[in-house]
Amino acid sequence: MIRLLRQRHRRMVIVLGIFLPVAFAVGIAARKPVPGMTSLPAELVASSRKFTVTEWERTDLFTKAPLQVELLREAAGAGNFALRFSTARDFVKPDLIVYWVTGNPNSRDALPDNARLIGGFNPATPLPLPAPPGPTRGALVLYSLADQGILETSKTFSIP
């Protein structure tokens, strides 16, 4: 009885010893290549526009986070707007992205339906705002991808 089991076990180990390396090699050879990109889409490339004029600078928009927000413009009295953030060195939040919400955001738990992505939170780079048809009132929402939730919503302010 034991002899038959040992012979059977030996055959199975020999078959597996041959089959598994062959199956592994075939699997490696048959896998699909990694997709590549030659360039980023235009929406993901850093803006080449220069925002030189500061319209205003505020530190009171966010109550919990120590942020200073600057509203920048391409030229005095004309051009598109952008936001630049300044923070303290100890302000470290994982994977923050910034949304613009037109009007007064009611929800503090989830992003409203009218939230528009402005970009990733980066104090060194101005984030261009979507061009409104006229004067717009709204708020900024800081969303943490790592925490899957809203970090903070700013006070409502207007863009001329």
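Residues numbered from 1 in each chain as written. Predicted model: local features only at pLDDT ≥ 70, side-chain atom pairs only at ≥ 80, totals over all residues. Heavy atoms only, no water.

**Points about the nonpolar core**
General note: in soluble globular proteins, nonpolar side chains tend to be found buried as a group.
Right, on to step 1. Ranked by internal contacts, the top residues of the largest apolar core, which has 22 residues, are Phe85 and Leu140.
Right, on to step 2. Where this core is concerned, the elements lending two or more residues are β2 (67–75), β3 (78–87), β4 (96–102), β7 (136–144) and β9 (157–159).
Right, on to step 3. Core analysis: the second largest hydrophobic core is formed by seven residues, Ile97, Tyr99, Val141 and Ile150 among them. (Core = buried A, V, L, I, M, F, W, Y, C linked by side-chain atoms within 4.5 Å. Buried < 20%, exposed > 50% of the residue type's maximum accessible area, 1.4 Å probe, protein only. Helix = DSSP H or I, 4+ residues; strand = E, 2+ residues; numbered from the N terminus.)

**Structural notes on the environment of Asn114**
Right, on to step 1. Tracing the sequence through the fold places Asn114 in the loop between β4 and β5 (115–120).
Right, on to step 2. Along the chain, Asn114 and Glu55 lie 59 residues apart, while their C-alpha atoms are 25 Å from each other.
Right, on to step 3. When near neighbours in sequence (up to four residues on either side) are disregarded, Asn114 contacts Trp100, Val101 and Thr102. (Contact = heavy atoms within 4.5 Å.)

**A look at helix α1 (residues 2–30)**
Right, on to step 1. Taking 1.5 Å as the rise per residue, α1 with 29 residues should run 42 Å; its terminal C-alpha atoms sit 41 Å apart, in good agreement.
Right, on to step 2. Sparse coverage of α1 is indicated by the burial of zero of its 29 residues. (Expected span 1.5 Å × (residues − 1).)

**What about the pairing of strand β8 (residues 149–153)?**
When a strand is regular, its side chains alternate between the sheet's two faces.
Right, on to step 1. With four of five residues buried, β8 is to be regarded as a mostly interior element.
Right, on to step 2. Taken together, the four bridges between β7 and β8 define a ladder with antiparallel strand orientation. When the sheet's bridge partners are listed, Leu142 is paired in β8 with Glu152. (Pairing = 2+ DSSP bridges.)

**Structural notes on the side chain of Thr153**
Right, on to step 1. Here Thr153 shows up in strand β8.
Right, on to step 2. Look at Thr153 and you get buried, because its relative accessible area is 11%.
Right, on to step 3. Those residues within four positions of Thr153 in sequence are excluded, and the remaining contacts are Phe62, Pro105, Arg108, Ala139, Leu140 and Val141.

**Some thoughts on the sheet that holds β3**
Within a sheet, each strand pairs with its neighbour through backbone hydrogen bonds, oriented either parallel or antiparallel.
Right, on to step 1. Read across the sheet, four strands follow the order β1-β2-β3-β6 without closing on themselves; strand pairing throughout is antiparallel. Bordering the open sheet on either side are β1 (53–58) and β6 (127–128), each of which pairs with just one other strand.
Right, on to step 2. As defined by bridge partners, β2 adjoins β3 across eight bridges and the pair is classed as antiparallel. The residue of β3 that forms the bridge with Arg73 is Phe81.

**A closer look at the pairing of β3**
Right, on to step 1. Connecting β2 to the antiparallel partner β3 that follows it, the hairpin turn spans two residues, and Gly77 within it adopts a positive phi of roughly 75 degrees.
Right, on to step 2. Relative to β6, β3 runs antiparallel, the two being bridged by two bridges. Residue pairing in the sheet places Ala82 in a bridge with Pro128 of β6.

**Some words on the pattern of salt bridges**
Right, on to step 1. Taken as a whole, this structure holds three salt bridges when the rule is applied.
Right, on to step 2. Note that Arg58 and Asp60 form a salt bridge whose closest N and O atoms lie 3.0 Å from each other.
Right, on to step 3. What makes Arg58 partly exposed here is its relative accessible area of 25%.
Right, on to step 4. Judged by relative accessible area, which is 36%, Asp60 ranks as partly exposed. (Salt bridge = Lys/Arg side-chain N within 4 Å of Asp/Glu carboxyl O.)

**What about the packing of aromatic side chains?**
Right, on to step 1. One pass over the full model with this rule turns up five aromatic pairs.
Right, on to step 2. Here Phe85 and Phe121 contribute two aromatic rings whose centre-to-centre distance is 5.2 Å and whose plane-to-plane angle is 45 degrees, an arrangement assigned as tilted. One end of the pair, Phe85, is in strand β3; the other, Phe121, is in the loop between β5 and β6, and 36 residues separate them in sequence. No difference in accessibility class separates Phe85 from Phe121, as the two residues are buried.
Right, on to step 3. Clustering of aromatic rings is evident, with ring pairs tying together Trp56, Trp100 and Phe157.
Right, on to step 4. Positioned above the aromatic ring of Trp56, the side-chain terminus of Arg58 is 5.6 Å from the ring centre. (Phe/Tyr/Trp six-rings, centres within 6.5 Å; stacked < 30°, edge-to-face > 60°. Lys NZ or Arg CZ within 6 Å of the ring centre and 35° of its normal.)

Keep in mind these numbers describe shape, not what the thing actually does.
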